[in-house]
Amino acid sequence: MKVCKFGGSSVADENQIRKVKEILDSDPERTIVVVSAPGKRNKADKKVTDMLYECVALASDGRACRPVFNEIRKRYLEIAKGLSIEAPELEKALAEVENNIDAGLGRDYAGSRGEYLNAVLISKYLGYEFIDAQECIIINDDGTVDPVTYEKLGERFKEGGRYCLPGFYGATKAGSVKTFSRGGSDISGAIAARAAGADLYENWTDVSGMLAADPRIVDSPRGVEVLTYKQVRELAEVGASVFHEEAIAPVIPLGIRINIRNTNRPGDEGTLIVPELDSSELIGVSAKGGFTKVSIRKMMLFKRRGVRHAFFTALHLFGVTPSFSLFGVDSIVILFSSSQASDRVVEDMCARLKKDFALDEVSYERGQAVLGIVGGRMNESTAFIDVATALKKERIAISFVNHGASDVTTLFGVKDDEKERAVQVIYSALFK
Ligand code: ADP
Ligand code: ASP
Ligand code: MG
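Cut-off values and rules
Residues numbered from 1 in each chain as written. Chains lettered and ligands numbered in written order. Predicted model: local features only at pLDDT ≥ 70, side-chain atom pairs only at ≥ 80, totals over all residues. Heavy atoms only, no water. Helix = DSSP H or I, 4+ residues; strand = E, 2+ residues; numbered from the N terminus. Contact = heavy atoms within 4.5 Å. Buried < 20%, exposed > 50% of the residue type's maximum accessible area, 1.4 Å probe, protein only. Arc of directions from axis to C-beta. Pairing = 2+ DSSP bridges. Axes fitted to C-alpha atoms, helices over the stretch in contact; angles between N-to-C directions. Core = buried A, V, L, I, M, F, W, Y, C linked by side-chain atoms within 4.5 Å. Polar contact = N/O pair within 3.5 Å; in protein donor to acceptor, adjacent residues only side chain to side chain. Near = heavy atom within 4 Å. Areas by Shrake-Rupley, 256 points an atom, 1.4 Å probe, with all protein chains shown as cover. Nonpolar A, V, L, I, M, F, W, Y, C, P; charged D, E, K, R; others polar. Phe/Tyr/Trp six-rings, centres within 6.5 Å; stacked < 30°, edge-to-face > 60°. Lys NZ or Arg CZ within 6 Å of the ring centre and 35° of its normal.

Participant: I tried to follow the environment of Ser 112 on my own but got confused; where do I start?
Facilitator: Relative to the helices and strands, Ser 112 is located in helix α5 (residues 107–126). Separated by 29 residues in sequence, Ser 112 and Leu 83 have C-alpha atoms that sit 23 Å apart. Not counting the four nearest positions on each side in its chain, Ser 112 is found in contact with Tyr 169, Val 177 and Thr 179.

Now the structure itself:
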C-alpha cells in the first residue's frame, strides 16, 4: 500500500482537492492520505497557516481575531460548498477554533487547526475515516517523534480501512497539541508511512519532483530522477525546501522509498528517494541564508581536554545552537540561525566567550549564507574546484569551504545577499 501526502497548494481549493481524489481513485493501493492546510491559490494569496498565526498575534495583543479569522472561515466554507459537502459540523468547528484562539490557547493549537479543519473536510469528501493526529502522534520536547507513535497509529491502520490524517501536528506526552516546524506535514506523511509499513510514500506537491536548483532562483532547472535519503536530507538542510529536512528519519528503519510528485501533472514520474545508490553523479545545488557567523581564536586552546564541549555548552546558555561549524588548528567558526540571538545577545555571548576561554580573538558577522553542492562521493569529487573558479570569475567571495566532512555535500560560505546569484553561477557551471 501507499501513503500519500498532499501539500498546501495541492489542497488549496476545491479544484485542487478534486485532483487529489482523482489521484487517489486511480490507484487502489493509495489508502492512507495526509493533508496540509490550504496553501496559496496564487502568488498573492495567503496560506491558512500564516493567517492562523496572525490570529494568534491579535489574540496575544488582547484583540479579537475575528477580522482575520473571517478570511479563514470563508476559505473553508468555499471549499465545502465547491465540493458539495454538507457542513454543519464544520461551522461549529470553525466557531470553536475562533473562540479558543481568542481565549489564548496559543500558537501550537492555532497553527495546527489549518490541517485539522482541512482533514475533517477532505476525509468527508473522500469517504475516508478521519484520524486526529493529536491522538496518535506523540512529539517529544526536542521535536523528535516518540516511538510509541508507530504503535498507536499502526494499531489504527491494522483495521485495513482508508484513512485521512491532518499533517503538521501531534501532541505532547501530556496530550496538548504540538506542531512540527514549518513545512512539517512532510514529517507526518513519513510517520504514517512507517506506521503503516507502506511500500511507498508519495509526497504530492506543485513541482514534478526534486530539481537540481530552486526553480524560483534558476529558470527551468533540470529534474532529479533518483537520489538517496542522505542526499535529500542534506539538500533540504541547505534550502531545497520541497521536502522537509527532518522527514527522512521516520522511514529509514523500514527503507521505505519516497516519490515526490506533482498534483498538477500526475503523469510525470517525479523523483524517487531511495536508501542507497552507488553513483558519483552530481545532484543539485542549493543555498540557505539568514545565518550569523562567530569566529574565535586562541592559541592551543583545543589541546585542553573538554574545551570543545565547554564551548558548545556556553553557546547553549545564550540560546544558540550552531547549524554548521568548522574547526581550524587554533580556531573555530560556527554558523547559527540569526533569529536565535539579537545583536545584544550575540554581543553578550562574544564578551562572555572571550572572558571564559581567555580568547585571543572573537568576532561575529551577520548576513551569512551556506551553499551546498550535493551528489555522490563528494569527498572524492573535484567539483569544488569548478565551483570556486566560477564564483571567483563572478567576483563572489567564498568565506569558507567544507569539503570532505560529508560524502554527499560540499559546503561553501557566501554572503546572504549574493546567495541567489551564487546558485545561478554554480548551476551554470555544473549542470548546464
Ligand atoms: P508543499 O506545500 O506541497 O509542501 P512546498 O512549497 O513546501 O510545497 O515545496 C515545493 C516548493 O519547493 C516548490 O514550489 C519550489 O518553489 C520549492 N523548491 C525549493 N527548492 C527546490 C528544489 N531544489 N526542487 C524543487 N522545488 C524546490
Ligand atoms: N501548513 C504548515 C505550514 O504552512 C505545514 C505544511 O504545510 O507542511 O508550514
Ligand atoms: Mg512543504
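So, next bit.
Participant: I'm lost on unusual backbone geometry in this one. Help?
Facilitator: A negative phi angle is the norm for most residues apart from glycine, just as the trans form is the norm for most peptide bonds. One non-glycine residue, Met 300, adopts positive backbone phi at about 60 degrees. The phi dihedral of Arg 395 is positive, around 55 degrees, even though this residue is not glycine. Examined against the element boundaries, Arg 395 turns out to sit in the loop between α12 (383–393) and β15 (400–402). A residue is classified by how much of its surface remains accessible, and Arg 395, at 73% relative accessible area, is exposed.

Participant: In this structure, what is going on with helix α10 (residues 307–317)? I would like to understand it.
Facilitator: At 3.6 residues per turn, the α-helix brings residues three or four places apart onto the same side. Among the residues of α10, those classed as buried are Val 307, Phe 311, Ala 314 and Leu 315. End-on view of α10: buried residues confined to an arc of 100 degrees, all on one side of the axis. Exposed positions of α10 whose direction lies more than 90 degrees from the buried face are His 309 and Leu 317. Contacts from the buried residues of α10 go to β11 (282–297), β13 (331–337) and α11 (343–356). One or two steps after α10, the chain reaches Gly 319, where phi turns positive at roughly 75 degrees.

Participant: Hey, could you run me through the sheet that holds β11 in this one?
Facilitator: Backbone-to-backbone hydrogen bonds pair the strands of a sheet. The strands run either parallel or antiparallel. Reading across the sheet, the 6 strands line up as β12-β13-β11-β14-β16-β15 and stay open at both edges, with antiparallel pairing between neighbours. Edge positions in the sheet fall to β12 (324–327) and β15, since each of these pairs with one other strand and no more. Neighbour-to-neighbour, the strand axes of this sheet turn through a mean angle of 30 degrees, independent of strand direction. Judged from the 4 bridges that link them, β12 and β13 form a sheet pairing that is antiparallel.

Participant: I tried to follow the nonpolar core on my own but got confused; where do I start?
Facilitator: Grouped burial of nonpolar side chains is what soluble globular proteins tend to show. Ranked by size, the top nonpolar core spans 86 residues in total, and within it Phe 6, Phe 69, Ile 101, Leu 153, Phe 157 and Tyr 201 carry the most contacts. Take this core: its biggest share by element is 9 residues, from α5. The contacts of Phe 6, once residues within four sequence positions are left out, are Val 11, Val 20, Ile 23, Leu 24, Val 33, Val 34, Val 35, Ser 36, Trp 204 and Thr 263.

Participant: Is there a simple way to think about the side chain of Lys 5 in this case?
Facilitator: Here Lys 5 lies in strand β1 (residues 2–6). Residue class for Lys 5 comes out buried when judged on its relative accessible area of 6%. Separated by 2.8 Å, the side chains of Lys 5 and Asp 186 make a polar contact.

Participant: Teacher, can you tell me more about the site of ligand 2 here?
Facilitator: Around ligand 2, the neighbouring residues are Ser 36, Thr 49, Glu 115, Phe 168, Arg 182, Gly 183, Gly 184 and Ser 185. Separating a nitrogen atom of ligand 2 from a side-chain N or O atom of Thr 49 is a distance of 2.8 Å. A distance of 3.0 Å is found between an oxygen atom of ligand 2 and a backbone nitrogen or oxygen belonging to Ser 185. For ligand 2, the protein covers 91% of the area, taking 260 Å² as the surface of the free molecule. For the shell around ligand 2, the residue count by class is 1 nonpolar, 5 polar and 2 charged.

Participant: Even after reading the chapter, I still don't get the packing of aromatic side chains, so can you show me in this structure?
Facilitator: Given two aromatic rings, one states the distance between the centres and the angle between the planes to describe the pair. Counting across every chain of the model gives 9 aromatic pairs. With centroids separated by 5.9 Å and ring planes inclined at 15 degrees, the aromatic side chains of Phe 6 and Trp 204 adopt a geometry described as stacked. With Phe 6 in strand β1 and Trp 204 in strand β7 (residues 200–205), this residue pair connects regions lying 198 residues apart in the sequence. Exposure remark for Phe 6: the relative accessible area of 0% places this residue in the buried category. Members of the aromatic cluster, joined through ring pairs, are Phe 311, Phe 312, Phe 327 and Phe 357. For the cation-ring pair, Arg 113 lies above Tyr 169, with the distance from its terminal atom to the ring centre recorded as 5.3 Å. The ring of Phe 302 carries Arg 308 above its face, with NZ or CZ at 5.1 Å from the centroid.

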